[in-house]
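Geometric and topological summary
Spelled out, the chains give:
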Amino acid sequence: MKKLAILFLFSLVASEVYPQYSFAPDKLMQDLKILSSDSLEGRKTGTDGNIKARVYIIEQLKKAGIEPFVTGYEQSFSISESVTGVNVLGVVPGTKKETIVISAHYDHLGIRNNMIYNGADDNASGVATLLAMLQYFKKTVPEHRLIFAYFDAEELGLKGSAYFINSLDLQKENIVLNVNLDMVSRSDKNELYACGTFHYPSLKKNIEKIKVPSGIKLLFGHDDPTTGKNNWTSQSDQYNFHQKKIPFIYFGVEDHIDYHKSGDDFDKINPEFYKNSTETILLAILALDKNLE
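Residues numbered from 1 in each chain as written. Predicted model: local features only at pLDDT ≥ 70, side-chain atom pairs only at ≥ 80, totals over all residues. Heavy atoms only, no water.

With that out of the way, let us pick up the nonpolar core. If you look at the biggest cluster of nonpolar residues, it comprises 66 residues, and the most contacted ones within it are Leu35, Phe148, Tyr150, Leu192 and Phe251. If one sorts the elements of this core by residue count, helix H4 (residues 120–139) sits on top with 10 residues. Each residue touching leucine 192, except ones within four places of it in the same chain, is listed here: Val184, Ile216, Lys217, Leu218, Leu219, Phe251, Gly252, Val253, Phe273, Ser277, Thr280 and Ile281. Phe69, Ala149, Leu168 and Ile246 belong to the second-largest nonpolar core, a separate cluster that totals 13 residues. (Core = buried A, V, L, I, M, F, W, Y, C linked by side-chain atoms within 4.5 Å. Buried < 20%, exposed > 50% of the residue type's maximum accessible area, 1.4 Å probe, protein only. Helix = DSSP H or I, 4+ residues; strand = E, 2+ residues; numbered from the N terminus. Contact = heavy atoms within 4.5 Å.)

With that settled, consider the pattern of salt bridges. All chains considered together, the criterion is met by 10 salt bridges. Across the pair glutamate 254 and lysine 189 runs a salt bridge whose closest N-O atoms are separated by 3.5 Å. Taken together, the residues glutamate 254 in the loop between strand S11 (248–252) and helix H9 (271–291) and lysine 189 in the loop between strand S8 (175–181) and strand S9 (191–195) connect sequence positions 65 residues apart. The shortest N-O distance in the salt bridge between lysine 268 and aspartate 258 comes to 3.2 Å. Placement of the pair is lysine 268 in the loop between S11 and H9 and aspartate 258 in the loop between S11 and H9, with a sequence separation of 10 residues. By relative accessible area, lysine 268 is classed as partly exposed at 37%. Taking the relative accessible area as the measure of exposure, aspartate 258 reaches 10% and is therefore buried. Look at the salt bridges and you will find they share partners, linking Arg186, Asp258 and Lys268 into a network. (Salt bridge = Lys/Arg side-chain N within 4 Å of Asp/Glu carboxyl O.)

These results come straight from atomic positions and should not be treated as a statement about function.
Below is the structure:
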């Protein structure tokens, strides 16, 4: 009886620690902290810090048992004579032939004026969220084949995602959707945006059905071409999919005071918002995977 009581008490404590998450929130925060640490020196494409980030991502893919989409997970591409970018690509088989690409860029701005631009929100947050999903999809077979794409050189003009999409036989790979994550961990108003439904309205009804965790607002918008800079369609890697007429949903937050500044650090992240944001995105992906037309 004592053992049963102890087990019951443990289950209660565990449910209080992880009340509504489909992933390990402690691992999420640990990955974010590592990816946005000073030791990675801002993860600028072509630097040692960028390589360290890439090695870490590949280690997590291997630990989760995720198969490589390309040999050794690495897809290299030339940016200049002296700089090479490298995408990291893993794949989870589904029950259908169609493919959903779930993406986030892992590069950032590096060191400027002797200041490290760690890019905790931009975009270590998106990368850590993708890593948090690996264990879930390794245990739960999706309907669509999923490519987990960690793009390089987004900050240099969306070059990693451009190389990826242009290197594929699109008819063979049959990509039907891109879900892109870029800045998903920090919002003073607890707002997370799903951008893209202006262009692809059929996606909206699937996302609207999910039960959003308390403490977060899931909004639509920032995709109307008439709104100028408030239109995010071309502002991250989803644009290269959109150019190929592949539907997209881009999850992100509005710019904050530390956007593209040296203050975008781990200690500025709102942990509860970030965990809820990750859960919301995962639920949206599940809904899209199941109901995508």
